[in-house]
Amino acid sequence: MDENQTIDQDRIIKINIEEEMKSSYIDYSMSVIVARALPDVRDGFKPVHRRILYGMRDIGNTSSNPYKKCARVVGEVLGKYHPHGDSSVYGALVRLAQDWNMRYTLVDGQGNFGSVDGDSAAAMRYTECRLEKIGEYVMDDLDKDTVDMVPNFDETLLEPTVMPTKIPNLLVNGGNGIAVGMATNMPTHNLSEVIDGCCAYIDNEEINTEELMQYIQAPDFPTGGYIYGLQGVKDAYETGRGRVVMRAKAEIESDENQDKIIITEIPYGVNKQQLIEYIADLVKEGKLEGISNANDESGRQGMRIVIDVKRDANANVLLNKLFKMTALQSSFSVNNIALVKGRPRLLTLKDCIKYFVEHRHDVTIRRTKFELKKAEERAHILEGMIIASDNIDEVVQIIKASRTPALARTNLEQRFNLDELQSQAIVDMRLSQITGLKVEELHAQFDELQQRIAYLTSILTDDNLCKKVMKDELNELKEKFGDERRTKIIPAEHEFNAEDFYPNDPVVITVSHLGYIKRTPLSEFREQARGGVGSKGVRHREQDFTEFIYPATMHQTMLFFTKKGRCYWLKCYNIPEGTKDSKGRAIQNLLNIEPDDGLNAILRLRGLDDEEFVNSHNVVFATKNGTIKKTSLEAYSRPRANGVIAINIAEGDEVVDVRLTNGKNEIIMANKNGRAVRFNEETVRAMGRTATGVRGMKLDGDDDQVVGMIVVNDAETENVMVVSETGYGKRSSVEDYRVTNRGGKGVKTLNITEKTGRVVAIKNVNDDNDLMIINKSGITIRLAVSEVRVMGRATQGVRLINLSKKNDVIASVCKVMSSELEAAAEEESRSEFDKAQEELDNTTTSNETSAETTPENTQEASE
């Protein structure tokens, strides 16, 4: 017993477990890298793909033959070449037939091979397959000693180490795989473009990436869509790594009732069904408003996803949100790792083309040598047969006189100086071959073979001819299988100006107290006489009312300032359109405003790209507690998605007004108790964007506060209009307000009585302006300023609007250009084409059509 234990112990070899783990894991990882997960740079295949195609070719499962069961193909591959699981082979076979994964499918599948919705393929016993024609070109010339063959797993058969492919498959169909410690993710490309790039490299091996991109513009995905920006593509082509941004192809269809977003192409690799479900989840969770329904209407005509947009939502803004929040905009992380001479390498675009061209050169040379050898062997035999035909009587006599075929061959060899192959061919000749016609054919074949031998020899000796052969074969493939790009390229975001899609019409931007915003065409508001009860305006939910009204044009940039002192940016055309009586959209869906913050002021600008303008103008803030601050507009000229700090607000204070000045304006601030102070802008020094500011006006007690601020542009033509909370108002001359130092209490601007209520607004106006007044119950009135006479500074004014409801008060006041000026400006701005068309159709133009609101007639410098 002890002796047996000693023997067993002698057989146990003690090893270091750390070293064993390292060694075993390295062996495993190298096996995964080289023999499983990474494609070869030459043919773009992993071993499983190579074996599937080779197995299909073996059993004659080609494009010209009937389909065969996939189970038979999988069994063939498993039994002969690929000693792994059947699911791995069938999975790879299925992917080769999926036209949403492969840019050019190599297998022609019949049956259920899955879908872009993520559905899996049917079991292999139900589906059938055969090679695509292009898949056969991958194995063209395989029997001509073009590639090395190695024994299979049981060394009973031979299989190719690489395919002699004429297709630059690695670039054309891409590939992905996860190995140990590394992974590959290569995009698909257009065959025509890649072939053009390969030909360009063959002509000039010193070609650089930028020159190659003239031929290969960007990846071309089988699902179409758009590539958004080329910087990531360039990085990938130059370094082997990059991020390609992809967008779905989406269009907005409008009808009388609502807009619809129609998606017909999605980014590569996106699951359509999961995309629709995710959009539905966002809507249910309240993260995405404005969508009433999302349907998948895809069918035989192609992909079609229909997203119904609610009437009060802006389809363009909603589409941008979908791009931002869903996989409608995705990125493809390029990681070009492939096996080069058995070693993984990170490859640039030029590297991929270089190694493919080198492989094609090697295949061409080996094929030429093979064909040359066969041609020389045939010519050698033909030479002996021609000798025999020229001396046929003597040959017949020698064969006839010989006792055995072997003796006949020996006698022929001695008589005509032939070798064994030639003498055997002569002995095997049929009698029909000695006819005159056959003899002529022998001579013609020999001459043709001599020319073929000379041509093949020149390919081997003349490098330029060899390159020409390679290019001709590539161009032949391009003619047979080349097609147009499916993925369109958008070079860069700034090259597409969204303003081109919107007319620069005048609009009214309204913001409610609870933060609902909309834009309404200015022509919807008709002028009424002073003292009217107004027309029904915005329908709000309970306890909400319109707080801000601003005239603007579609192309203007709106700067939104919150009571907490933050600044946000938005183009007018990105504000959802609504009718005069609609409530609008929650501004939190458009801007990243904090829940406990709210808008208090808006500036309208033509644009922020005019360097001279932004450096010569200032943004002036007025706060509830009487603080004033001036900062250069340039500090607010760089939009950020999350906004920026516009002013540092003290505790208990908030922004009440923001104005744009030119550096030499005069400012008038007014408070609730009917006082106003006028001072020069120059008395307020310029400060940084995050500064707090200085005192602008002294308040009358704790219950007082600043209600607004105006900037005086022209004291001779402008008047000061003040409006009280019960609908009284008046306009006074600017000169009635004497210039004082900032920080004072100011002078009386409205005689406050119980009938007038306290001051709610101050505006600078002239006879060309209209006033738009909205009360908290939603009643809107538009009246001409010219109907309100200029009166003394200390009077109580005249009634501007009759409040029909008890305890109703004025909520907001805004000035716009008069409707007469709008109609005149519209008449001048119509094109000659429109006039001619109107004369032809005998139509008339409505006087309610409004004109473009210009910076001058909206007094942007002061508003």
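Residues numbered from 1 in each chain as written. Predicted model: local features only at pLDDT ≥ 70, side-chain atom pairs only at ≥ 80, totals over all residues. Heavy atoms only, no water.

**Student:** I keep staring at the overall build of the protein chain and nothing clicks. Help me out?
**Tutor:** Looking only at helices and strands, the protein chain features 21 helices and 41 strands. A total of 863 residues make up the protein chain; the buried ones form 50% of that total. By sequence separation, contacts in the protein chain at least 24 residues apart represent 73% of the contacts at least 6 residues apart. Element-wise, carbon and sulfur atoms account for 46% of the exposed surface of the protein chain, whose accessible area totals about 41,000 Å². (Helix = DSSP H or I, 4+ residues; strand = E, 2+ residues; numbered from the N terminus. Buried < 20%, exposed > 50% of the residue type's maximum accessible area, 1.4 Å probe, protein only. Contact = heavy atoms within 4.5 Å. Areas by Shrake-Rupley, 256 points an atom, 1.4 Å probe, with all protein chains shown as cover.)

**Student:** Would you mind going over the sheet that holds strand 30 (residues 666-671) with me for this structure?
**Tutor:** Two strands in a sheet stick together by hydrogen bonds in their backbones, pointing the same way (parallel) or opposite ways (antiparallel). Taking strand neighbours across the sheet as the criterion, the four strands line up as 33-30-31-36 in an open arrangement whose pairing is antiparallel. Two strands bound the open sheet, and with one partner strand each, they are strand 33 (706-712) and strand 36 (747-748). As paired elements, strand 31 (residues 675-680) and strand 36 share two bridges and run antiparallel to each other. Its bridge partner being in strand 36, Arg675 is matched across the sheet by Lys748. (Pairing = 2+ DSSP bridges.)

**Student:** For this particular structure, what's the right way to read the side chain of Glu193?
**Tutor:** With respect to the helices and strands, the residue Glu193 is situated in helix 8 (residues 191-203). Looking at Glu193, the relative accessible area reads 7%, which means it is buried. Among the polar contacts made by the side chain of Glu193, one reaches the side chain of Gln217 at a distance of 3.3 Å. Glu193 has contacts with Tyr215, Ile216, Gln217, Ala218 and Arg485, leaving out every residue within four places of it along the chain. (Polar contact = N/O pair within 3.5 Å; in protein donor to acceptor, adjacent residues only side chain to side chain.)

**Student:** What's the story with the UniProt feature "active site" (unreviewed entry) in the protein chain in this structure? I'm lost.
**Tutor:** As recorded in UniProt, the feature "active site" (unreviewed entry) lies at Tyr126. Examined against the element boundaries, Tyr126 turns out to sit in the loop between strand 2 (107-110) and strand 3 (128-131). (UniProt positions renumbered as here; feature names shortened; annotations may be inferred.)

**Student:** Explanation requested: helix 8 in the structure shown.
**Tutor:** Helical periodicity: at 3.6 residues per turn, an α-helix aligns residues three or four positions apart in one direction. Between the first and last C-alpha of helix 8 there are 18 Å, a value that for 13 residues agrees with the 18 Å anticipated at 1.5 Å per step. Counting buried residues along helix 8, 11 of its 13 residues qualify, which places the element largely inside the surrounding structure. Along helix 8, the residues classified as buried are Leu191, Ser192, Glu193, Val194, Ile195, Gly197, Cys198, Cys199, Ala200, Tyr201 and Ile202. Contacts from the buried residues of helix 8 go to helix 6 (133-138), helix 7 (169-173), helix 9 (209-212), helix 13 (349-390) and helix 18 (463-481). With a side-chain oxygen lying 3.0 Å from the backbone nitrogen of Ser192, the N-terminal cap of helix 8 falls on Asn190. (Expected span 1.5 Å × (residues − 1).)

**Student:** I would appreciate a short explanation of the pairing of strand 23 (residues 566-571) in the present structure.
**Tutor:** Consecutive side chains of a regular strand alternate in pointing toward one face of the sheet and then the other. Sheet topology places strand 22 (residues 557-562) next to strand 23; five bridges connect them, and they run antiparallel. Residue pairing in the sheet places Phe560 in a bridge with Tyr568 of strand 23. As defined by bridge partners, strand 23 adjoins strand 28 (residues 644-645) across two bridges and the pair is classed as antiparallel. Residue pairing in the sheet places Cys567 in a bridge with Val644 of strand 28.

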